[in-house]
Amino acid sequence: RGAEAEPEILLRLRRDPGATFSPDDVAEVRLGLEINRPSRSDALHLGAGFIVADNAAHVGLVIGPSIPLSLLGEPEGISVRLIRNGALVSEGTAAAVLGNPLRSAEW
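Because the structure is a prediction, the values reported are computed rather than measured. (Residues numbered from 1 in each chain as written. Predicted model: local features only at pLDDT ≥ 70, side-chain atom pairs only at ≥ 80, totals over all residues. Heavy atoms only, no water.)

(A) Focus on the pattern of salt bridges. With the rule as written, the count across this model stands at three salt bridges. Arg12 serves as the salt-bridge partner of Glu28, at 3.2 Å between the closest nitrogen and oxygen. Here Arg12 lies in strand E1 (residues 4-13) and Glu28 lies in strand E2 (residues 26-36), a separation of 16 residues in the sequence. Judged by relative accessible area, Arg12 falls into the partly exposed class, the value being 48%. One salt bridge connects Arg30 with Glu28, and the closest N-O pair in it is separated by 3.1 Å. Take Arg30: its relative accessible area is 27%, and that puts it in the partly exposed class. One salt-bridge network, held together by shared partners, links Arg12, Glu28 and Arg30. (Salt bridge = Lys/Arg side-chain N within 4 Å of Asp/Glu carboxyl O. Helix = DSSP H or I, 4+ residues; strand = E, 2+ residues; numbered from the N terminus. Buried < 20%, exposed > 50% of the residue type's maximum accessible area, 1.4 Å probe, protein only.)

(B) Region of interest: the sheet that holds E1. Read across the open sheet, the three strands follow the order E1-E2-E3; overall the sheet is antiparallel. Each having just a single partner strand, E1 and strand E3 (58-67) make up the two edges of the open sheet. Between one strand and the next, the sheet's axes are offset by a mean angle of 30°, whatever the strand orientation. Inspection of the sheet shows E2 paired to E3 by seven bridges, in the antiparallel sense. (Pairing = 2+ DSSP bridges. Axes fitted to C-alpha atoms, helices over the stretch in contact; angles between N-to-C directions.)

Right, dumping it as structure tokens:
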């Protein structure tokens, strides 16, 4: 079975924020790449909701370079492009994460 790769924005927090997250809780921001292999061969046909709910797809994480927290203030400026054999397959920005990756941390 094949694996997939997802671009990630990794947040290292200064403390456990409990119920009250603030951007001040973020100690470091890094770019990353998560390697996934869903538990079912038909998971991609079941949609992204299944893969998230599967809670068993993660098999690896590549931790990339640090970026300034201030870049999250303009998430559309953090972009990812997937190129296969020289051809653009897909592209997106960090704004696809609930409008801003910090919102997912708040959630």
